[in-house]
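Listed here are the chains, written in short residue letters.
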Amino acid sequence: ARRRRAAALPLPGWRRAGTVTILGCLFYISVVLMLDGWGVGLEGWPRWLRDPVYATAEFRSANAYRLFVRMTWERRQIIFEGSDDGGKNWKEYRFKWAPQELDRRPRFMAPHLPRFDWNLWFAVLGDWRQYPFVERAAARLLEGEPAVLGLFANNPFPGRPPGLIRVALYQYGFTDLATLMKTGRWWWRKRLGIYAPTLERTADGTIRVVQQETPAH
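What this report covers is the structure whose coordinates are included nearby. (Residues numbered from 1 in each chain as written. Predicted model: local features only at pLDDT ≥ 70, side-chain atom pairs only at ≥ 80, totals over all residues. Heavy atoms only, no water.)

**So, the overall build of the protein**
Moving on, step 1. Counting its regular elements, the protein contains 7 helices and 5 strands.
Moving on, step 2. Ordering the α and β elements of the protein from the N terminus gives α-α-α-β-β-α-α-α-β-α-β-β.
Moving on, step 3. In the protein, which comprises 217 residues, the proportion classed as buried is 31%.
Moving on, step 4. Summing over all exposed atoms, the protein offers an accessible surface of approximately 14300 Å²; the carbon and sulfur share of this is 59%. (Helix = DSSP H or I, 4+ residues; strand = E, 2+ residues; numbered from the N terminus. Buried < 20%, exposed > 50% of the residue type's maximum accessible area, 1.4 Å probe, protein only. Areas by Shrake-Rupley, 256 points an atom, 1.4 Å probe, with all protein chains shown as cover.)

**What about the packing of helix α4 (residues 115-123) against helix α5 (residues 133-143)?**
Packed helices, taken two at a time, are described by the angle between their axes plus the distance between the axes.
Moving on, step 1. Where α4 meets α5, the axes come as close as 11 Å, and the angle between the chain directions of the two elements is 130°. Put simply, α4 runs oblique to α5. Residues F116, N119, L120 and A123 of α4 form the contact with α5, whose own contacting residues are F133, V134 and A137.
Moving on, step 2. Considered class by class, the residues forming the contact of α4 with α5 number 6 nonpolar, 1 polar and no charged. (Axes fitted to C-alpha atoms, helices over the stretch in contact; angles between N-to-C directions. Parallel < 35°, antiparallel > 145°, perpendicular 65-115°, else oblique. Contact = heavy atoms within 4.5 Å. Nonpolar A, V, L, I, M, F, W, Y, C, P; charged D, E, K, R; others polar.)

**Some thoughts on the nonpolar core**
Moving on, step 1. Within the largest apolar cluster, 32 residues are counted, with the highest numbers of intra-cluster contacts made by I78, F80 and Y195.
Moving on, step 2. Every element with two or more residues in this core is listed here: β1 (75-83), α4, α5, α6 (146-149), β3 (164-174) and β4 (187-201). (Core = buried A, V, L, I, M, F, W, Y, C linked by side-chain atoms within 4.5 Å.)

**Remarks on the packing of aromatic side chains**
Aromatic ring pairs are described here by two measures, namely the spacing of the ring centres and the angle between the planes.
Moving on, step 1. What the rule picks out here adds up to 13 aromatic pairs.
Moving on, step 2. Ring centres of F95 and F116 lie 6.5 Å apart, and the angle between their planes is 55°; this geometry places the pair in the tilted category. Placement of the pair is F95 in the loop between β2 (91-92) and α4 and F116 in helix α4, with a sequence separation of 21 residues. There is no split in this pair, since F95 and F116 are both buried.
Moving on, step 3. Consider the rings of Y172 and W187, whose centres lie 6.1 Å apart with planes at 80°: the pair is edge-to-face. Of this pair, Y172 sits in strand β3 while W187 sits in strand β4, and the two are 15 residues apart along the sequence. Assigned by exposure class, Y172 and W187 land together as buried.
Moving on, step 4. The structure contains a cluster of three or more aromatic residues connected by ring pairs, namely F80, Y93, F95, F116, F133, F152 and F157.
Moving on, step 5. Of note, R107 hangs over the ring of W97, and the distance from its end group to the ring centre comes to 4.5 Å.
Moving on, step 6. The aromatic ring of W90 is capped on one face by R166, whose charged end is 4.0 Å from the ring centroid. (Phe/Tyr/Trp six-rings, centres within 6.5 Å; stacked < 30°, edge-to-face > 60°. Lys NZ or Arg CZ within 6 Å of the ring centre and 35° of its normal.)

**Points about the pattern of salt bridges**
Moving on, step 1. Under the counting rule described, the total for this entry stands at 9 salt bridges.
Moving on, step 2. Residue R76 pairs with E74 through a salt bridge whose shortest N-O separation is 3.5 Å.
Moving on, step 3. Where R94 meets E101, a salt bridge forms, and the shortest distance between an N and an O atom there is 3.0 Å.
Moving on, step 4. A relative accessible area of 33% places R94 in the partly exposed class.
Moving on, step 5. The class for E101 is partly exposed, based on a relative accessible area of 23%.
Moving on, step 6. In this structure, a network of salt bridges that share partners links the residues E81, R166 and R191. (Salt bridge = Lys/Arg side-chain N within 4 Å of Asp/Glu carboxyl O.)

**Some thoughts on the side chain of D117**
Moving on, step 1. Looking at the secondary structure, you find D117 in helix α4.
Moving on, step 2. Among buried Asp, Glu, Lys and Arg side chains, D117 stands out as unpaired, with R104 the closest opposite charge at 6.2 Å.
Moving on, step 3. At 2.9 Å, the side chain of D117 forms a polar contact with the backbone nitrogen of A98. (Lys, Arg positive; Asp, Glu negative; His and termini not counted. Polar contact = N/O pair within 3.5 Å; in protein donor to acceptor, adjacent residues only side chain to side chain.)

This is the structure we're talking about:
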């Protein structure tokens, strides 16, 4: 009974004011960080609006509460292509999860994380030199490495590895509903160019760069 009476007593005014003040500050800082993540920079704000955010940043008491605060506006996709006739014809290595075939709907993958496909999305945000795993994957495809082939949904060269591998860059986007209903295509795509150098496997098994194209961006 004594505990119930104590719980029923109103909080002192200073505690209520302190609680409201702290919650108000956290709310303000969180909103500012969210706006900053959307590209609304703080540089032009008055100092009295910026200082509280900077002063509390090291405590990590508030954040934008999202894994990726700002996403890209375009979907760019790396495609690995191989040729066994000196570059006259090219065949694509199909991904298990990432967009590629135009008539394949987006796949539901949670809670699985296809790390290879996922990291390729990051790779297109920069230069191939920043993401050397792309060129290493292309080299392993030239060698027919089973572990790397297992990352793909198909092997277009089941008999023996191709002689050439190139890494192309495409832009993907969703079609509209009318196109989907008429053609069954979920995606449209446009080739932007080459992402990484073309690699060749020589007769003695050496892998070398045969064409250093200007990367597309």
